[in-house]
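Observations on the three-dimensional arrangement
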Amino acid sequence: MLLSLPTTVSALRECLAQGAVPVGGATLVWATWQREGFPEQAVSLREVPEATVLGREELGAAVLLHQVDDRVPEVLRRAAGSVGTGAVRRAATVGGNLVGSTLRCLLPAALVLDARARVLGGEGTYETDLAELVAKRHLLLSLRWHAPLTSGYRKLPGDAGGPPPFVVATAVHADAEGGHLLRVAVRDGYEVIAESASHGAGAPEVLDALRRTPLGALPPTAWEAVRAQVIETLADPALG
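Everything in this summary refers to the structure shown in the same document. Since we're looking at a predicted model, the values are computed, not measured. (Residues numbered from 1 in each chain as written. Predicted model: local features only at pLDDT ≥ 70, side-chain atom pairs only at ≥ 80, totals over all residues. Heavy atoms only, no water.)

Describing the packing of helix H8 (residues 203-211) against helix H9 (residues 220-234)
- Running from amino to carboxyl end, H8 crosses H9 at an angle of 140°, the nearest separation of the two axes being 10 Å. Two packed elements cross with a definite hand, and for H8 against H9 that hand is right-handed. Where H8 approaches H9, its residues Ala-203, Val-206, Leu-207, Leu-210 and Arg-211 are matched on the opposing element by Trp-223, Arg-227, Val-230, Ile-231 and Leu-234.
- Classifying every residue of the contact of H8 with H9 gives 8 nonpolar, no polar and 2 charged. (Axes fitted to C-alpha atoms, helices over the stretch in contact; angles between N-to-C directions. Helix = DSSP H or I, 4+ residues; strand = E, 2+ residues; numbered from the N terminus. Left-handed = near helix turned anticlockwise from the far one by under 90°. Contact = heavy atoms within 4.5 Å. Nonpolar A, V, L, I, M, F, W, Y, C, P; charged D, E, K, R; others polar.)

Quick look at the sheet that holds strand E2 (residues 21-23)
- Reading across the sheet, the 3 strands line up as E1-E3-E2 and stay open at both edges, with parallel pairing between neighbours. Each of the sheet's edge strands pairs with one partner strand only, and the pair in question is strand E1 (2-4) and E2. In this sheet, adjacent strand axes meet at a mean angle of 35° when their direction is disregarded.
- Looking at chain direction, E1 and strand E3 (residues 41-44) are connected through 3 bridges and run parallel. Across the sheet, Leu-3 pairs through a bridge with Ala-42, a residue of E3. (Pairing = 2+ DSSP bridges.)

Details of the nonpolar core
- Counting 37 residues, the largest nonpolar core has Leu-59, Val-94, Leu-98, Leu-130, Leu-140, Leu-143 and Trp-145 as the members making the most contacts within it.
- Listed by contribution, the elements that provide at least two residues to this core are helix H3 (74-81), helix H5 (94-100), helix H6 (107-112), strand E6 (116-121), helix H7 (130-136), strand E8 (139-144) and strand E10 (167-174).
- Not counting residues up to four positions away in its chain, the partners in contact with Leu-59 are Val-53, Leu-54, Val-68, Leu-76, Val-94, Ser-142, Leu-143 and Trp-145.
- Counting 21 residues, the second-largest nonpolar core is a separate cluster that includes Ala-197, Ala-225, Val-230 and Leu-239. (Core = buried A, V, L, I, M, F, W, Y, C linked by side-chain atoms within 4.5 Å. Buried < 20%, exposed > 50% of the residue type's maximum accessible area, 1.4 Å probe, protein only.)

Digging into the environment of Gln-18
- Within the secondary structure, Gln-18 sits in the loop between helix H1 (9-17) and E2.
- We classify Gln-18 as exposed; its relative accessible area is 53%.
- When the C-alpha atoms of Gln-18 and Tyr-126 are compared, they prove to be 21 Å apart, with 108 residues separating the residues in sequence.

Quick word on the sheet that holds strand E7 (residues 124-128)
- The 5 strands are arranged E4-E5-E8-E6-E7 in an open sheet whose pairing can be described as antiparallel. Only two strands of the sheet have a single partner each, and these edge strands are strand E4 (54-55) and E7.
- This element, H1, spans E6, E7 and E8 of the sheet and lies at about 55° to E6.

Side note on unusual backbone geometry
- Despite not being glycine, Asp-114 has its phi angle at roughly 55°, a positive value.
- One can find Asp-114 in the loop between H6 and E6.
- Residues other than glycine seldom take positive phi values, yet Arg-137 does so here, at roughly 55°.
- Mapped onto the fold, Arg-137 is located in the loop between H7 and E8.

As C-alpha cells, then:
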C-alpha cells in the first residue's frame, strides 16, 4: 500500500482523483483491510494545515483525539477524552470518529456547539452542516463554531459488548436578543437527538421546555442524566 502525505488541499485533491483512500489512524478499517485486502493507494491528511488546526473555535479532522485539549470548549474536550482507551485516542482522529464511525462520539458535542463542517468535494472546499456531513460521509477537513459561554458533557457507564453508553452534551450560547440559548444533544443507542431552549428563566422552566421535545420521551435513567447535566451547566458562574 502506497501512503501519500500531501501538504496542501490541492495536492490532497490530486491524490483522491488518482483513487487514493483517505485514512486517519485507521483504527476503524485496519481489521477490514487485513480481512479483505489493503488498498493500493491511501492518503493521510496529517500534513495538511487545514486539517490539523486546533483552537478556540476550530478543530481539524486529522487531529488525534488525545490531542484535543483545553483550547477547545469543555464539551468537545471531554467527549474526545471519553472515546475508547488511551491507545485508541492516540491513533483515532476527529474525522474518523465523526465520519467513519457508527458511534460518532463527538457528534453530540459538535451539535451543541452548532458547528459547521469544512469539507472537500469534487469542486473544491465548502462549508456544510453536520447533518449533510454524516449523511453523505464527506471528506472532512475541519469543524468551526462560535465559542459558547459554557458547556458540559456527561457519559453514563456502559456494559462491555452492550449498546453504546448514553451521553448528553450541553452548551449555552448568547442569542441575537442578548439572552441565552441552551443546546442539548444526546446519543441514545445509535440515535442522536439535538434540541434547544431559551434560557430566560430558571432551570425548572428550561427543563419543562425540553420535556416537551423528543428528549422528554427518553427512558427515566437517560432523562435524569439530561436533567442533571442541564442543571450543572446552567449553574456555571460564567452565565452570571
